[in-house]
Amino acid sequence: MASVEERLAALEAQVARLAGERAPAPAPEAAPTDVFWALDGLKRRLPPDGAGAVLYTGTVRTADRHYDWQYGAGVDDLLDGDWPALAGTLTALAHPVRLRLLREILGGRHGTAELADLDGLGTTGQLHHHLRQLAAAGWLRSGARGRYDIPPERVVPLLAILTAARH
């Protein structure tokens, strides 16, 4: 059986290949009866003597796209990681205007002009400052003609962070 790291690397490679839009997955035949079905599946894949793992997964359909994503990491790797290095990525989310921009872009407003028309975002200069901050932290990609998108591999992680912040 492959190690967690090998399986994770294979999964990341597959996600990288599929990072664009995909056809929607078929609807499940029935809702799982076990509330912890994802957790139980994760536990079956871990070595019994390991520290554990964290997994987040999601399928998201927006007005104009569909995203499927799954990511897992071993607890030892997470605890040994460079947490302060993540501050910039998290700090970019710590502003109400930036969170609103992400929500609007995820909802289908991709152009700078569309975003500038929204009330409460400040001046055009302030809008561009927030967009640059989000792009520098990897939460946005800028395209041609002032269009922005959330990278497909960041949609479910963003929603997972928002979910965690609610509890």
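Look up: the structure comes first, before these words.
As a starting point, this report considers the structure included with it. Each chain carries its own residue numbering, running from 1 in the written order of its sequence. Confidence filtering applies because this is a predicted model: local features only for residues at pLDDT of at least 70, side-chain atom pairs given and counted only at 80 or more, and all residues used for totals across whole chains, interfaces and linings. Side-chain measures here rest on the full set of heavy atoms in the structure, leaving out hydrogens and waters.

**So, the side chain of H130**
Part 1 of the argument: Examined against the element boundaries, H130 turns out to sit in helix α7 (residues 124–136).
Part 2 of the argument: Only protein chains enter the accessibility calculation, which uses a 1.4 Å probe; a residue is then buried when its area is under 20% of its type maximum, exposed when over 50%, and partly exposed in between. According to the relative accessible area criterion, H130 is buried, its value standing at 8%.
Part 3 of the argument: Residue contacts are counted whenever heavy atoms from the two residues lie within 4.5 Å of one another. Those residues within four positions of H130 in sequence are excluded, and the remaining contacts are H95, V97, R98 and L101. Strands are runs of DSSP state E lasting at least 2 residues, helices are runs of H or I lasting at least 4, and numbering of each runs from the N terminus.

**Remarks on the packing of helix α5 (residues 96–106) against α7**
Part 1 of the argument: Comment: axis = line fitted to C-alpha atoms, over the contacting stretch for helices; angle = value between 0 and 180 degrees taken between N-to-C directions. Where α5 meets α7, the axes come as close as 10 Å, and the angle between the chain directions of the two elements is 75 degrees. In terms of their interaxial angle, α5 and α7 are classed as roughly perpendicular. Where α5 abuts α7, its residues V97, R98, L101, L102 and I105 lie against L127, H129, H130, L131, Q133 and L134.
Part 2 of the argument: In this classification, Asp, Glu, Lys and Arg are treated as charged, Ala, Val, Leu, Ile, Met, Phe, Trp, Tyr, Cys and Pro as nonpolar, and every other residue, Gly included, as polar. Of the residues belonging to the contact of α5 with α7, the class tally is seven nonpolar, three polar and one charged. Working definition: roughly parallel below 35 degrees, roughly antiparallel above 145 degrees, roughly perpendicular at 65 to 115 degrees, and oblique for all remaining angles.

**As for the pairing of strand β2 (residues 66–74)**
Part 1 of the argument: In short, DSSP must find at least two bridges between two strands for them to pair. Of the strand pairs in this sheet, strand β1 (residues 53–61) and β2 are connected by nine bridges, and their pairing is antiparallel. In the strand pairing of β2, L55 is matched with G72.
Part 2 of the argument: The turn joining β1 and β2, which pair antiparallel and follow one another in sequence, is formed by four residues.

**Some points on the pattern of salt bridges**
Part 1 of the argument: Think of a salt bridge as a Lys or Arg side-chain nitrogen and an Asp or Glu carboxyl oxygen that are within 4 Å of each other. Considering all chains together, one arrives at six salt bridges under this definition.
Part 2 of the argument: Between R109 and E104 there is a salt bridge whose closest N-O contact spans 2.4 Å.
Part 3 of the argument: Assessed through its relative accessible area of 34%, R109 is described here as partly exposed.
Part 4 of the argument: Classification of E104 as buried rests on a relative accessible area of 11%.
Part 5 of the argument: Connected via shared salt-bridge partners are R100, R103, E104 and R109.

**Points about the nonpolar core**
General note: in soluble globular proteins, nonpolar side chains tend to be found buried as a group.
Part 1 of the argument: Throughout, nonpolar core names a set of buried Ala, Val, Leu, Ile, Met, Phe, Trp, Tyr and Cys residues whose side chains join them through atoms within 4.5 Å. One finds L101, L102, L131, W139, L140 and I150 to be the most contacted residues of the largest nonpolar core, which totals 24 residues.
Part 2 of the argument: Top element by residues in this core is α5. It accounts for five residues.
Part 3 of the argument: Excluding its chain neighbours within four sequence positions, the residues that come into contact with W139 are T89, A92, L93, L102, L134, D149, I150, P151, R154, L158 and I161.

**Points about the packing of aromatic side chains**
Part 1 of the argument: When two rings of Phe, Tyr or Trp (its six-membered ring) have centres within 6.5 Å they constitute a pair, described as stacked for plane angles under 30 degrees, edge-to-face for angles over 60, and tilted for the intermediate range. What the rule picks out here adds up to one aromatic pair.
Part 2 of the argument: Aromatic side chains Y56 and Y71 sit 5.8 Å apart centroid to centroid with 45 degrees between the ring planes, which places their arrangement in the tilted category. One end of the pair, Y56, is in strand β1; the other, Y71, is in strand β2, and 15 residues separate them in sequence.
Part 3 of the argument: With relative accessibility at 27%, the residue Y56 sits in the partly exposed group.
Part 4 of the argument: Assessed through its relative accessible area of 25%, Y71 is described here as partly exposed.
Part 5 of the argument: For a lysine, the NZ atom is tested; for an arginine, the CZ atom; a charge sits over a ring if that atom is within 6 Å of the ring centre and within 35 degrees of the ring normal. Looking at R154, its charged tip hangs above the ring of W139, at a distance of 3.9 Å from the centre.

Take it as geometry only, folks, not as evidence of what the structure does.
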